[in-house]
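Take a look at the letters that make up each chain.
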Amino acid sequence: MAIKIINEKCRGCRLCVKGCPFDAIVMEGKIAVIESGCTNCGACLDLCPFEAILLEEEKNGCIDIADYSGVWVFAEQRGGVLQPVVFELLGEGRKLADQIGCSLSAILCGEKVSALTGDLFEHGADSVYVADAPELANYTSDGYSKVIVQAIEDYKPEIVLLGASHIGRDLGPCLAVKCNTGLTADCTKLEIDPVDKKIKQTRPAFGGNLMATIVCPNHRPQMSTVRPGVMDKPEVQKGRRGEIIQLQVEFSPADIRMQVLEVIKSLEEKVSLTDAEIIVAGGMGLGKAEGFDLLKDLAEKMGGIVASSRAPVDAGWIDHSRQVGQTGTTVKPRIYFACGISGAIQHIAGMQGSEYIVAINKNESSPIFEVADYGIVGDLYQIIPELINALN
Ligand SMILES: Cc1cc2nc3c(=O)[nH]c(=O)nc-3n(C[C@H](O)[C@H](O)[C@H](O)COP(=O)(O)OP(=O)(O)OC[C@H]3O[C@@H](n4cnc5c(N)ncnc54)[C@H](O)[C@@H]3O)c2cc1C
């Protein structure tokens, strides 16, 4: 697409110059001229009273979207272990593929990773594209994007989903730019438009105050990174198999500009809030960092783990990997204890999918009680020791 001025029709009124949100139109003599800052947003089209501005299809780079078919899931693995978000994406991808009437595939990159294909089939993939090479043993933006871009060009998927993990958030934009297509980051909801079968991608915007639904009408594949913990994992279908497609992988030394010297696992990284069945979360109501020790006692009694609202993380009481909420992790445990947490919308966004929510708060009008299944009004420093005693 490109914005064009029809010189013969332009009367030099300057309305487009004033109205361009990107200051990308200038006057040369009495004719408007489009400059390089133009994003083809089309705002100027409606402004021109003389119909002197056109949005033209460019001959080069034009794609036929009918050539693209199938839903792909990026099968993120680390150290030979598939990440939990991959199964969530396969669950969601299966639903999307069934609604469109196309197949579901996974794309797996790494070294000696073929053994992981079985798990992908059992979670719903019809086929798995495998790129196996020593250069792919550790994730690099260059290595992974080279292989996946080539596969997208060769096999033309309609939709590509990645987990919004650190790797997915790095890889997604690299792929989207190289494929010249649209990417919606950190989606919390995906739907197929029943009319045109395009994907509607919804994500929180402006601090969670607005949910934006985004479509990618003219470019393919339609790409989304999806927030871990939001979508449901599918039922495992034991023994289910599918087709394995080996991708040809060749690298020249200049292809991968970064070198992974060492992968260091921090202790905190091992905490998996998304997999926890019981979470005991604390907020500013704890009053001090040491308050988390009490929560840990309660969590350990029930085989759960400790989490936090953002305020204690900001106060330096606990690591960010424990934060639940819009800018933290989304969790769906069987039981979520919210201790001294007020229930701000950004916190609720990350835990409202919990099966049961138990709130302990000394202020009975705290918004947390609006989402709680069980609520105890009182001082957490009195209530939690009593709960621990009862469990003992
Ligand atoms: C863009 C943006 C993103 C954000 N992302 C997140 C996010 O991901 N996660 C998140 O949590 N927040 C997030 N926030 C912050 C959020 O808006 C709130 O500020 C935060 O959740 C408040 O944390 P809190 O409930 O622990 O603290 P407070 O709001 O201060 O609440 C403390 C609560 O403890 C109660 N209390 C006090 N003493 C006791 C006691 N002794 N016993 C029992 N109860 C007691 C009080 O009644 C109160 O309800 C975000 C904000 C913005 C603007």
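The following paragraphs examine the structure supplied in this document. In this text the structure is predicted, and so the values were computed from the model without any measurement.

Before going further, it helps to examine the overall build of the protein. When helices and strands are tallied, the protein shows eleven helices and 21 strands. On the principal axes, the C-alpha backbone points of the protein span a range of 85 × 50 × 45 Å. Out of the 392 residues in the protein, the part that is buried amounts to 45%. Intrachain contacts of the protein at a sequence separation of at least 6 include 63% that bridge at least 24 residues. Of the side chains in the protein, 37 bear a positive and 52 a negative charge, and the two mean positions are spaced by 3 Å.

What follows is about the nonpolar core. In this structure, Val71, Leu90, Leu108, Leu120, Val128, Leu161 and Leu190 are the most contacted members of the largest nonpolar core, which totals 31 residues. Beyond its immediate chain neighbours, meaning those up to four positions away, Leu90 contacts Val73, Leu104, Leu120, His123 and Ala125. Trp72, Tyr139, Leu162 and Ile167 belong to the second-largest nonpolar core, a separate cluster that totals 27 residues.

Attention now moves to the packing of aromatic side chains. Summed over all chains, the structure comprises five aromatic pairs. Ring centres 5.0 Å apart and planes at 75 degrees place the aromatic pair Tyr139 and Tyr144 in the edge-to-face group. The burial state of Tyr139 is the same as that of Tyr144; both residues are buried. Seen from their ring centres, Tyr356 and Tyr374 are 6.4 Å apart, and the 35 degrees between their planes marks the pair as tilted. One end of the pair, Tyr356, is in strand β20 (residues 356–361); the other, Tyr374, is in strand β21 (residues 374–377), and 18 residues separate them in sequence. Here Tyr356 falls in the partly exposed class, since its relative accessible area comes to 40%. Looking at Tyr374, the relative accessible area reads 53%, which means it is exposed.

Criteria and cut-off values
Residues numbered from 1 in each chain as written. Predicted model: local features only at pLDDT ≥ 70, side-chain atom pairs only at ≥ 80, totals over all residues. Heavy atoms only, no water. Helix = DSSP H or I, 4+ residues; strand = E, 2+ residues; numbered from the N terminus. Buried < 20%, exposed > 50% of the residue type's maximum accessible area, 1.4 Å probe, protein only. Contact = heavy atoms within 4.5 Å. Lys, Arg positive; Asp, Glu negative; His and termini not counted. Charge placed at Lys NZ, Arg CZ, Asp CG, Glu CD. Core = buried A, V, L, I, M, F, W, Y, C linked by side-chain atoms within 4.5 Å. Phe/Tyr/Trp six-rings, centres within 6.5 Å; stacked < 30°, edge-to-face > 60°.

In short, the description is geometric, and any link to function would need to be established separately.
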